[in-house]
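# A look at the structure
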Amino acid sequence: MKRKGLWLSAGLTLLILLTTALLLYENRGKGDNRKTSMRIGVLLYRGDDTFISTLRAALEEQVKQYEKEYSVKVALDIRDAKGNQNTQNSQAERLISLGCDALCVNMVDRAAASVVIDKAVAAGIPVVFFNREPVEEDLNRWDRLYYVGVDPRESAALQGQILVDAYKEKPETLDLNGDGLVSYVLLEGETSHQDSLIRTQWSIQTLKDGNVPLEKITGGIANWERSQASALMEQWIKEYPGQIELVICNNDDMALGAIDALERNGLLTAGIRVVGIDGTPAGRAAFRAGSLFGTVEADTEIYAKAIFDIVSDLVLRKETEYEKYFWTPQRAVSDREERLSDTP
Ligand code: GAL
């Protein structure tokens, strides 16, 4: 009887050991096995920005998949600064005091990152900045600060190339009145955003390098917003009747605003080309419908995965294989055949 008991407990011990070893094996590479939950603070510059809300949805999806795969509970605490840097600073402080293990930050004012960085460094929690790139000196202040974004020069080159290709194939696609010049207007994002300046500069440069003869009619700042773009475009249609052949936009929402104005003025079928950047669901729908000539789509799934991979690595394993800067892949959306087969 005593012997039987001994065998039983030895058997049980062995079973426990084997199960533990198996669990450890299964969790290899996933780091700190004691941590079964994490709390991530996400700070958005504006929750109503179309591209940012698409990215937010992609991030939430990543988290869902991660929880399923690794049985680690993730609490995403998302705050909207509504365009106010002071609000965002208080939100950072609040999230840190609530015990967040890391922050993902979409700065309101990209030049003001040092306040958030000071708070994170003091609390010892890593930060992944995204979409609004802090200045290099700020990002270099600590080795647990990262940036995930989309290379604006590449977006612009892809946007410009859509137009160069169209012009090469058939100049009259862009030069509607055949006067040897493509007359364009330009809708730009926020002046303080790194993407606006660089996208504008390199889009035009690509057109010039591609030997597209250009004439700028006018341009204006619509801060990424559909309604602001629509108002500007409305004004230009009246000011320059029959002259606009091309509308170059720093993002899709502004392109959609320009299209709204064209539609209101009965110009949707006048052949005026409108191009954007982002590849948002609404942008792609307009592309499929034929009102948006082309856009440049950033892969939001890879974008969100990079953000979440970095924070979860840093929280669970204290290190990551990602570099300090991650550039999300993007592609031109312009093929006519693709227009017919593109699915939402
Ligand atoms: C840009 C994007 C815009 C807007 C902006 C916000 O990269 O193209 O649509 O979302 O970021 O920072």
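The structure this text deals with has already been given above.
Residues numbered from 1 in each chain as written. Predicted model: local features only at pLDDT ≥ 70, side-chain atom pairs only at ≥ 80, totals over all residues. Heavy atoms only, no water.

## Digging into unusual backbone geometry
In plain terms, the rule: Per the convention used, a helix needs a DSSP run of H or I reaching at least four residues, while a strand needs a run of E reaching at least two, with both numbered from the N terminus.
Here Asn131, not a glycine, exhibits a phi torsion of approximately 65°, which is positive. Topologically, Asn131 is positioned in the loop between strand E4 (127-130) and helix H5 (136-139).

## Thoughts on the side chain of Asn131
Where we set the bar: Here's how the labels work: a residue is buried when its accessible area is under 20% of the maximum for its type, exposed when over 50%, partly exposed in between, all with a 1.4 Å probe on protein chains only. The contact rule is simple, with two residues in contact once any of their heavy atoms fall within 4.5 Å.
A relative accessible area of 9% means that Asn131 is categorised as buried. Not counting chain neighbours up to four residues away, the residues in contact with Asn131 comprise Phe51, Ile52, Asn106, Tyr147, Val148, Gly149, His193, Gln194, Asp195 and Tyr303.

## Observations concerning the sheet that holds E4
In sheet architecture, strand pairing relies on hydrogen bonds along the backbone and comes in two forms, parallel and antiparallel. Where we set the bar: Two strands are counted as paired when DSSP detects at least two bridges linking them. Lines are fitted to the C-alpha atoms to define the axes, a helix being fitted only along its stretch in contact, and any angle between axes, read from their N-to-C directions, falls within 0 to 180 degrees.
Here we have six strands laid out as an open sheet, ordered E2-E1-E3-E4-E5-E11, and parallel in their pairing. With one partner strand each, in any of the chains shown, strand E2 (73-80) and strand E11 (325-327) form the two edges of the open sheet. When strand polarity is set aside, the average angle formed by the axes of neighbouring strands in this sheet is 20°. As paired elements, E4 and strand E5 (residues 145-149) share four bridges and run parallel to each other. For Val128, the partnering residue across the bridge sits in E5 and is Tyr146. Its contacts with the sheet put helix H2 (residues 50-70) on strand E1 (37-44), E2 and E4, and the angle it makes with E2 is roughly 165°.

## Thoughts on the pattern of salt bridges
If charged atoms from side chains of opposite charge come close, those side chains can pair. Here is the rule we go by: By convention in these notes, a salt bridge is any Lys or Arg side-chain nitrogen within 4 Å of a carboxyl oxygen on Asp or Glu.
What the rule picks out here adds up to 20 salt bridges. Of the charged contacts in the structure, one is a salt bridge between Glu67 and Lys73, with a shortest N-O distance of 3.1 Å. Exposure remark for Lys73: the relative accessible area of 56% places this residue in the exposed category. Each of Arg39, Asp77 and Arg79 takes part in salt bridges that share partners, so that together they form one network.

## Structural notes on helix H11 (residues 300-316)
Working note: α-helix, 3.6 residues per turn, so residues spaced by three or four point in the same direction. Quick note on the threshold: Here the expected length of a helix is defined as 1.5 Å per residue gap, with one fewer gap than residues. Polar contacts, as used here, are pairs of N or O atoms within 3.5 Å; protein pairs need one atom able to donate a hydrogen and one able to accept it. Residues neighboring in sequence count only if both atoms are side-chain atoms.
Relative to the 24 Å expected for 17 residues at 1.5 Å per residue, H11 spans 24 Å between its end C-alpha atoms, a close match to the ideal helical length. Of all the 17 residues making up H11, 14 are buried; the element is thus mostly covered by neighbouring parts of the structure. The backbone nitrogen of Glu301 lies 3.1 Å from a side-chain oxygen of the residue at the head of H11, namely Asp299. Just past H11, the residue Lys318 takes up positive phi, approximately 70°.

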